[in-house]
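Chains, contacts and geometry: an overview
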Amino acid sequence: MSGWSTPLVSRVSIFDDETGTFITVRNHEGRRSIWPAARPLPRGWRPAGFTGPKAACLEWIARSADVPADGPVSTDGPVSADGPVPGGGR
């Protein structure tokens, strides 16, 4: 035995945080996803109109699946799990 061991590497995804705040995003193809609200958006993605816990964002995406991607997702501006975001209207 060499006296040392290989450290265990923990691979934690930024999407594993069930209690964090996420935003819904969409790309130019109209695909929707979630992204941690505290991180810069990846290139090619833009906010889709909802902010909240992970489960609420995924539910919002499922409910809005029939909304055309090139149309407005929310006519009242960005919303969160708690309601409209102050100052977020158009």
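Placed above this text is the structure.
Report on the accompanying structure. This is a predicted model, so every value here is computed, not measured.

Observations regarding the pattern of salt bridges
Using the criterion set out here, one finds three salt bridges in the structure. E29 is the partner of R31 in a salt bridge, and the nearest nitrogen-oxygen pair spans 2.9 Å. Exposure remark for R31: the relative accessible area of 53% places this residue in the exposed category.

Structural notes on the nonpolar core
Ranked by size, the top nonpolar core spans seven residues in total: F22, I34, A48, F50, C57, W60 and I61. Contributing elements (two or more residues each) for this core: β3 (45–53) and α1 (54–63). Among the elements that line this core, the one with the most residues is α1, at three residues.

Section: the pairing of strand β2 (residues 32–36)
Within β2, four of the five residues are buried, leaving the element largely enclosed by the surrounding structure. Across five bridges, strand β1 (residues 21–27) lies against β2 in antiparallel orientation. Bridge assignment links T24 to a residue of β2, and that residue is I34. Connecting β1 to the next strand, β2, in antiparallel fashion are four residues, including G30 with a positive phi near 90°.

Details of the packing of aromatic side chains
Going through the model one piece at a time under the given rule, you end up with three aromatic pairs. Summarising the aromatic geometry, the rings of F15 and W35 are spaced 5.6 Å apart at their centres and angled 70° between planes, so their arrangement reads as edge-to-face. With a gap of 20 residues between them, F15 in the segment before β1 and W35 in strand β2 connect regions that are remote in the sequence. The class for W35 is buried, based on a relative accessible area of 17%. Clustering of aromatic rings is evident, with ring pairs tying together F15, F22 and W35.

Cut-offs applied
Residues numbered from 1 in each chain as written. Predicted model: local features only at pLDDT ≥ 70, side-chain atom pairs only at ≥ 80, totals over all residues. Heavy atoms only, no water. Salt bridge = Lys/Arg side-chain N within 4 Å of Asp/Glu carboxyl O. Buried < 20%, exposed > 50% of the residue type's maximum accessible area, 1.4 Å probe, protein only. Core = buried A, V, L, I, M, F, W, Y, C linked by side-chain atoms within 4.5 Å. Helix = DSSP H or I, 4+ residues; strand = E, 2+ residues; numbered from the N terminus. Pairing = 2+ DSSP bridges. Phe/Tyr/Trp six-rings, centres within 6.5 Å; stacked < 30°, edge-to-face > 60°.

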